[in-house]
Amino acid sequence: MSTEEQDIFKDVLPKLMGTIRAATALGAQDVNFYKSVDSNISQQIDKRGMNLLTITNDLLRTASSQSSPVDSVRFGQENISSESSWNPVSNVIDSIFEKIDFNFDQLNKKQTGGEQKQYLEDGNNSISNEQIQRIEKPQLKFKVPVDNSEQEPFRPKITNKVNALQPWESVNKLTNPAPIYEESVEIVDPPYYAHPYEFEIDSQPYPDSILKKAEPIPPQDWSSTTAIWVDTVDGLNEMIEELSKSSEIAVDLEHHDYRSYYGIVCLMQISNRDKDWIIDTLVLRDDLTSLNKVFTDPNIVKVLHGAFMDIIWLQRDLGLYIVSLFDTYHASRQLGFSKFSLQYLLDTFAHFRTSKKYQLADWRIRPLPKPMLAYARSDTHFLLYIFDQLRNKLIDSDKLARVLFDSRQVAKRRFEYTKYRPLSTNLGSKVSCPVMAANPSEPWGSIMYQYNVPSFKRAVVEQLYKWRDLVAREADESVRYIMPNQLLVSLATLESPVDVGKVLNVPSYVSEHVRRNARELAELIDRTLKESEQNDWALVDKWNNSSKAQVEEQNVDVRDVNGLLETLLSNSSALFDGGPLLSDRSSLAIPEVRETRNYTYEFTSQGIKKHDFGKESITLKHKLWQKLCEVDGIRSIAEEELESESGEEHEPSEATESTGASSSNERPKSGQKVLFSKDEDINPDELIALRKTNKNSKRNSNQLVQYNEPSVDYANADKILIDPKKSDKRNKKRSFDPYSRDSAGPKPAKRKKVITGGKTSTYKLKQSRLKNK
Ligand code: AMP
Ligand code: MN
Ligand code: ZN
């Protein structure tokens, strides 16, 4: 860098730092509140906001790689809170990084005479938003209409089994799991249709060829070949004919999940040593089961990278299963590479530089633009060459068996509807459901936590969450298309009385469905607010009356008090006011593990007396902790924490691997620090605070309970808590990531038993009803 350039940076950097600081400080303020207080301020803020947007757009245009008309990059104000509106920004940043990469490579080559790299052709005709909005929903043309009703467990989409060891008739039936006991809680999992090829996956041997080292076979030349587009049954049959003669093939899928409730497979890429095929799975959706002839043939190795979702999508949409899977992601892990992404493998073993640009593209688009076709093809074109090299390395280091084992676990994963989600650890680890909330009975809990919603809003969040789910199923749209979380939270924070105007004017992007149903939503929110307010008061009254009466009588049945507190804890959405406790995460420290004891408390006119009931099963405080974790969604966060650890790459995470034998024992990992602290750190006054206390000073809750003694087995504490320092990360809006959503699937170890209890009885009830029929 010349000194001149350095001088420029000297001036710019401090200003940039100042700007970032100011922006961060502003972000922490409730700007909308200030705007509502003073119209003058409001106007000024809006004006400055527009100025900033203009500057941002200027910057984006300058940095953009696009030579097309000036306004092709525009970052708008209308819906800054919607995820897609940030796309122009991230696209530009991506392309800057790619340019940097490219220049580094060129420099490197000049200096060292290094390896010649190939690049994914960069499509400068990027796909416009309007183009995407014009896409007709492909679901409308499906021969078998999409059914989101979950009336029965997911049924495999096949009617016969090719390459079967176990006949179709013996697997095509509903299985009713027997009760199991986990930590002395009885769990009865819902009925399910088994994975039709589970037995074959486990017992069919891989072909001998995979066990021997061999000279890697280079791929066909990239730039002089193209893929065969398959969108007819004839084309499909021809492809199958050729694939049947291959001893290994590479497979990948592209998926879309914004304008669909469960998501839809849009594309399948297959390569053998000679050719690449790209299959239009929107058109051939109901014709592809014939591919099982190849996919379940144990003598044809199917090479996929990070197949844990592909396996789910294949069976859910296309009725396809894979026997003899080789997952290059698991190979990367066993070989201890620094990154586990396909991008890394392509770069390192095929000298091909790909771009992430199209990973999140709308794959429903037809005809597929050239750069998207090229991207899709590159996902499988080089994979067999990479496989050759990884296999050799695995044989050298004696790790092949382990990778084949891990791959089998992936192939055995089963898709299931959320409603029939297994609760026990042994089944849960093999299943993937569309919604894998850590707390299945209150999946909205993690939204409450992520957006810091005060707990007295729980009922509204719940109602909105349920409304959104229903509408999404009916319209076959994703829940985030119907009502993004940010919008849900904005709606939930409205104060009574709520009317249409308030709904339409929330400080978030208002989605089409919310706009159309504003009246219904206003009524729903208003009704829920009023009801939950009444419930709050009823609970407060109940508590006050009974404790007063008991104190007056001076003859307290301590067990009643105990029971009442439990009722309060388990029934009340209002008890935890989200005040000091929930916002100050440092107070969420868990007591040391000491002996298991059970105390209960007696209220007298002199104060509170403590009674020791010896070693009963569970103490109040433990329950309180469970309640807190539930309220706070801490468990779900802890689980997500684990997932996000596996690195910045968008790749199957550590957690998704828990089906593998050893990886599940390795947790918790270093990133998941657990804070233990002394019992005294818990201030009982903070733990329980009735939210209306300041309205009526007589209703003082401080007399409620005192926690003097530690209690209970906290052996699982490390699974409950996360480092509070990390919690600020949670408040940020996270970009949608179906992988992380789903990868909650295969790691169910931290399930709350309180909830399994409830679910258990549900299914028992159902089962007995079924029997009575
Ligand atoms: P891939 O195997 O990388 O081609 O990804 C297959 C599908 O997974 C894509 O079509 C996307 O729908 C989804 N996907 C891939 N990467 C991401 C990501 N970073 N975030 C969200 N979805 C992704
Ligand atoms: Mn893939
Ligand atoms: Zn792909």
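Computed from a prediction, not measured in an experiment: that's the story for all the values here. (Residues numbered from 1 in each chain as written. Chains lettered and ligands numbered in written order. Predicted model: local features only at pLDDT ≥ 70, side-chain atom pairs only at ≥ 80, totals over all residues. Heavy atoms only, no water.)

Q: Any details on the coordination of the zinc ion (ligand 3)? Residues and values, ideally.
A: Summarising the metal site, the zinc ion (ligand 3) is bound by the protein donors D252 (OD), E254 (OE) and D379 (OD), whose distances to it range over 1.9 to 2.0 Å. Donor residues for the zinc ion (ligand 3) sit on one chain with the sequence pattern D-x1-E-x124-D. In this structure, the zinc ion (ligand 3) is positioned 4.1 Å from the manganese ion (ligand 2), and both are ligated by D252. The class of D252 is buried, set by a relative accessible area of 12%. (Donors = N, O, S within 2.8 Å, 3.2 Å for Na, K, Ca; no water. Buried < 20%, exposed > 50% of the residue type's maximum accessible area, 1.4 Å probe, protein only.)

Q: Which residues make up the nonpolar core, and what values go with them?
A: M268, I270, L291, F295, L464, M483 and L491 are the most contacted members of the largest nonpolar core, which has 78 residues in total. For this core, the element with the highest residue contribution is helix α18 (residues 458-475), accounting for 7 residues. Two domains each donate at least three residues to this core, and these are domain 2 (145-432) and domain 3 (445-535). For M483, the residues in contact, after removing those within four places along its chain, are L464, W467, R468, L488, L491, S511, V514 and L521. Counting 44 residues, the second largest nonpolar core, distinct from the first, contains F142, I264, I278 and M372. (Core = buried A, V, L, I, M, F, W, Y, C linked by side-chain atoms within 4.5 Å. Helix = DSSP H or I, 4+ residues; strand = E, 2+ residues; numbered from the N terminus. Domains from an automatic or database assignment. Contact = heavy atoms within 4.5 Å.)

Q: Pulling in residues and values, what's your account of the packing of aromatic side chains?
A: In total, this model carries 18 aromatic pairs according to the counting rule given. Considering the side-chain rings of F337 and Y344, the 5.9 Å spacing of their centres and the 50 degrees angle between planes classify their relative orientation as tilted. Classification of F337 as buried rests on a relative accessible area of 14%. Look at Y344 and you get partly exposed, because its relative accessible area is 23%. Judged by centre distance (4.6 Å) and plane angle (35 degrees), the rings of F352 and F382 are tilted. Remark: F382 occurs in the loop between α13 (370-381) and α14 (383-396) and F352 occurs in strand β12 (residues 352-353); sequence separation between them is 30 residues. The buried category is assigned to F352, whose relative accessible area is 0%. Classification of F382 as buried rests on a relative accessible area of 2%. One aromatic cluster is present, formed by F154, Y261, Y262, F415 and Y417 through successive ring pairs. One cation-aromatic arrangement involves R377 over W222; the distance from NZ or CZ to the ring centre is 3.9 Å. (Phe/Tyr/Trp six-rings, centres within 6.5 Å; stacked < 30°, edge-to-face > 60°. Lys NZ or Arg CZ within 6 Å of the ring centre and 35° of its normal.)

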